[in-house]
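# Coordinate analysis (summary)
Now for the letters of each chain:
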Amino acid sequence: MSLRLFILRRLLYMLPTMILVSIAVFSILQLIPGNPVDALLSITADEETRKATIKEFGFDLPLPLQYVRWVSRAVRGDLGRSILLTKPVSTIIGECLPRTIYLAVGGMFIAVCLSFPLGIFAAVKRKTWVDYSAQVTALVGLSLPAFWVALMLMLFIGLKLGWLPVVGYTAPTQNFLGFLHHLILPAFTLGLELIGVQTRMTRSTMIEELNKDYVQTHRSQGLSERRIVGIFTLKNAMIPTLTIVSLRFAALLGGTAVIESIFAYPGIGQMILSAIRTKDYPVVQGGVLILSFTFIFINLVVDILYKWLDPRIKLE
Amino acid sequence: MSAAKNIPLLDDPGWKGSVARFAHRFGMGLVRLSESRIALVGLIITVIVVLIAIFAPVLATHNPIKGDYSSTIAPPSRQHLLGTDNLGRDIWSRLVYGARNAVLVGITVVPAGMLMGIFLGAIPGFYGGRLDNLMMRFVDAWLAFPGLILFLALLAVLGQGLWQTIVALILGGTPGLVRLTRGLVLAERERDYVKAARLLGERNWRILFRQVIPNVSSPLIVVATIRLGGTLLLFAALTFLGLGPPPPAPSWGLMLNEARNLMETAPMVAVYPGLAIFITVLGVNLLGDGLRDVLDPRLAEK
């Protein structure tokens, strides 16, 4: 299959997914118990406001028509207004999403810096103490509750030692050093959460690669293990590993909510979370929709890049 | 491995035979599980947690919900093994009762997820066609909600509470298991024994339920167990965020949330529930890894 055909097919497959996702997000307001108008307004709202709300959201229209209205507005960037903050949802997302991206990048950076060397050394020195300690680290990483780690970090590094600020956020344009200071603890927690999976994955990919015939050939030719790993295996093992890392990065955008909430980091996860608590449904809908579409889009790009890097891959 | 495989065709032991075969396999599985030291440790931890949950009323020294206002934030003593929290509730008793929620999540989410996998993945996958295609589009859409967002959206709709959280955990974990089961069934469908059974005129649903599903059950159990660790962490995270069972329920995530305000005065209050979660999840993860090594070594490479 040529690359162009592949991209075309992938785009075609994306369409039903996006439609289904948008229907699901649209349904949130319909599925919550009770009347959606009541969900949007406080009990004390008078008849006038009720009528205005019904008109604004088009609740008097049949459902399919409501959906079409909602989608066509969303496509034009109008995701409605926040009930609580009386700001357009798109503005709020525009503020929050970059912060979550910084956090995700930071967390991923820390995770990669720790897990890649660990996984690679574990594979090369298989069945030695290096391997075992890497596996124990991975297992502990998989079993630790991230929010608990966050609390402990806050307690010991933030409160007891006072090295780093415990909560909040500073914009990088305002004060870059302050921005980094605020980012370190949340990003480290996030990175710790990822270490388990990524160390295991790097290790198994690397082992698989080291078992391949070409490695045997090079060994029989007398090439040192160090050179085989340095020149060939590392490079070959990096393609699948980096692919999964980028896919996980996309998932990370939706996985930071807990950490954001603990560190009072005003990202998009925290935004959705507080919107659920305050029943600010337009914000919930907008946030979920944007995150899902970002996720779908990143997946698409990664798939295409993967195919481009390694044309042998067949994708159904 | 080959001994554990089904003997296909013409072998119809009836339900008694099926039960006997299942019991035999289960017993053999336990024997082999105990050979792996990792799995044994995991099994022991898991069993201890389950026992604690069952015997919580015996093990608890105090009422986990009613506090004693005369001794708040008390240090560990003979009366309060791990001390008390800001409302004077005995932390040890709350921890013990908290194990019940974790066990409840385990015994509901894992079997429910496997059933969903079989009904929504294996059956459409085996028959193929339009239904299968449609199901996959739904799975794609379901998987397009990244990370925690799916659970948050589900809880926004379902509301907050213990059962709502469990339903959200089941629904949220379904698409992954559906896709996995379908993939396994698709691979199994092309095997010779299925073709042979077809040639002999065996009915499709009998092939599916008597041959194919038993043969994919090992990897399914392994994956369901491995995922349980993550599910327990997720449950704890959601309760921590206040989306799970409402206070004053004794739940580990909730205890951590309440301990946040005591961080400076009584940091140990925040240490115990976290340790309980960590040890439980570690046990389940070890058990899952051990099960994988015993039941389906192929999965280890993935």
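Residues numbered from 1 in each chain as written. Chains lettered and ligands numbered in written order. Predicted model: local features only at pLDDT ≥ 70, side-chain atom pairs only at ≥ 80, totals over all residues.

## Things to note about the overall build of chain A
To keep things clear, this is the line we draw: Each helix is a run of DSSP H or I of at least 4 residues and each strand a run of E of at least 2, with the numbering of both proceeding from the N terminus. Our exposure labels follow a C-beta count within 10 Å of each residue's own C-beta, placed from the backbone: buried means 20 or more other C-beta atoms, exposed means 12 or fewer, and partly exposed covers the counts in between. Any two residues are considered in contact once their C-beta atoms, placed from the backbone, lie within 7 Å.
Broken down by element type, chain A carries 13 helices and zero strands. When the elements of chain A are put in sequence order from the N terminus, they spell out α-α-α-α-α-α-α-α-α-α-α-α-α. Overall, chain A is about 85 × 60 × 35 Å in size when its C-alpha atoms are taken along their principal axes. For chain A, the proportion of its 316 residues judged to be buried stands at 37%. Relative to all contacts within chain A whose residues are 6 or more apart in sequence, the contacts with residues 24 or more apart total 69%.

## Section: the nonpolar core
Short version of the rule: The term nonpolar core means buried Ala, Val, Leu, Ile, Met, Phe, Trp, Tyr and Cys residues held together as one set by C-beta atoms within 7 Å.
Counting 159 residues, the largest nonpolar core has Phe147, Ala150, Val258 and Ile272 of chain A together with Leu152 of chain B as its most contacted members. Of the residues forming this core, the biggest block, 18 residues, is contributed by helix H9 (residues 204-240) of chain B.

## Comments concerning helix H1 (residues 3-31) of chain A
Stated precisely, the cut-off is as follows: How far a helix is expected to stretch is found by multiplying one less than its residue total by 1.5 Å.
The terminal C-alpha atoms of H1 of chain A lie 41 Å apart, and with 29 residues this matches the ideal 42 Å at 1.5 Å per residue to within 8%. Buried residues along H1 of chain A sit against helix H2 (36-40), helix H4 (63-75) and helix H13 (281-309) of chain A together with helix H5 (129-143) and helix H6 (149-158) of chain B.

## Overview of the confidence of the model for chain B
All names here are of chain B. Operational definition: The quantity known as pLDDT measures the predictor's confidence residue by residue, on a range of 0 to 100.
Within chain B, residue pLDDT values average 83, and 93% of them lie at 70 or more. Element-level mean pLDDT values for chain B span from 74 in helix H1 (residues 14-35) up to 91 in helix H2 (residues 37-54). Below pLDDT 50 for its whole length, residues 1-5 participates in two contacts with residues either more than four positions away or in separate chains. For this predicted complex, the interface score ipTM comes out at 0.85, alongside a pTM of 0.86.

## Focus: unusual backbone geometry
Across residues other than glycine, the phi torsion is negative in most instances, and most of the peptide bonds are trans. The omega angle of the peptide bond from proline 247 of chain B to proline 248 of chain B is 10°, so this bond is cis rather than trans. Among the structural elements, proline 248 of chain B can be located in the loop between H9 and helix H10 (252-259). The phi angle at alanine 264 of chain A is positive, at roughly 50°, despite the residue not being glycine. The residue alanine 264 of chain A is located in the loop between helix H11 (257-262) and helix H12 (268-277) in this model. For alanine 264 of chain A, a count of 13 C-beta atoms within 10 Å puts it in the partly exposed group. With a phi close to 55°, lysine 279 of chain A is a non-glycine residue in the positive phi region. Among the structural elements, lysine 279 of chain A can be located in the loop between H12 and H13. When the 15 C-beta atoms within 10 Å are taken as the criterion, lysine 279 of chain A is described as partly exposed.

## Focus on the interface of chain B and chain A
Test applied: Note on residue classes: Ala, Val, Leu, Ile, Met, Phe, Trp, Tyr, Cys and Pro are nonpolar, Asp, Glu, Lys and Arg are charged, and everything else, Gly too, is polar.
Counting residues at the interface gives 35 residues for chain B and 40 residues for chain A. Elements with a minimum of two residues in the side of chain B that touches chain A: H5, H6, H9 and helix H11 (268-295) of chain B. A total of seven residues in the side of chain B that touches chain A trace back to one element, the largest contributor, which is H11 of chain B. The residue makeup of the side of chain B that touches chain A, split by class, is 25 nonpolar, five polar and five charged.

## Some details on H9 of chain B
Residue and element names in this part refer to chain B. Which entries qualify depends on this criterion: Here the bend at a residue is taken as the angle between two axes, fitted respectively to the seven residues that end there and the seven that start there.
In this model, H9 (37 residues) spans only 47 Å end to end at C-alpha, well below the 54 Å of a helix rising 1.5 Å per residue. By the largest-angle criterion, isoleucine 213 marks the main kink of H9, which is about 45°, and a proline, proline 214, follows within four residues. Of the residues flanking the end of H9, it is glycine 242, one or two places downstream, whose phi is positive at about 85°.

## Brief notes about the environment of lysine 307 of chain A
Along the polypeptide, lysine 307 of chain A turns up in helix H13. Taking the C-alpha atoms as reference points, lysine 307 of chain A and phenylalanine 295 of chain A, separated by twelve residues in sequence, lie 18 Å from one another.

## Remarks on the packing of helix H5 (residues 89-124) of chain A against helix H10 (residues 225-252) of chain A
Residue and element names in this part refer to chain A. Convention followed: Angles run from 0 to 180 degrees between N-to-C directions of axes, and those axes are lines fitted to C-alpha atoms, restricted for helices to the stretch in contact. Crossings are assigned a handedness: left-handed for a near helix turned anticlockwise from the far helix by less than a right angle, right-handed for a clockwise turn.
Where H5 meets H10, the closest approach of the two axes is 11 Å, and the angle between their N-to-C directions is 145°. H10 is crossed by H5, and the crossing has right-handed handedness. Seen from H5, the contacting residues are Ala104, Gly107, Met108, Val112, Ile120 and Val124; seen from H10, they are Val229, Leu234, Val245, Phe249 and Leu252. Split by residue class, the contact of H5 with H10 holds ten nonpolar, one polar and no charged.

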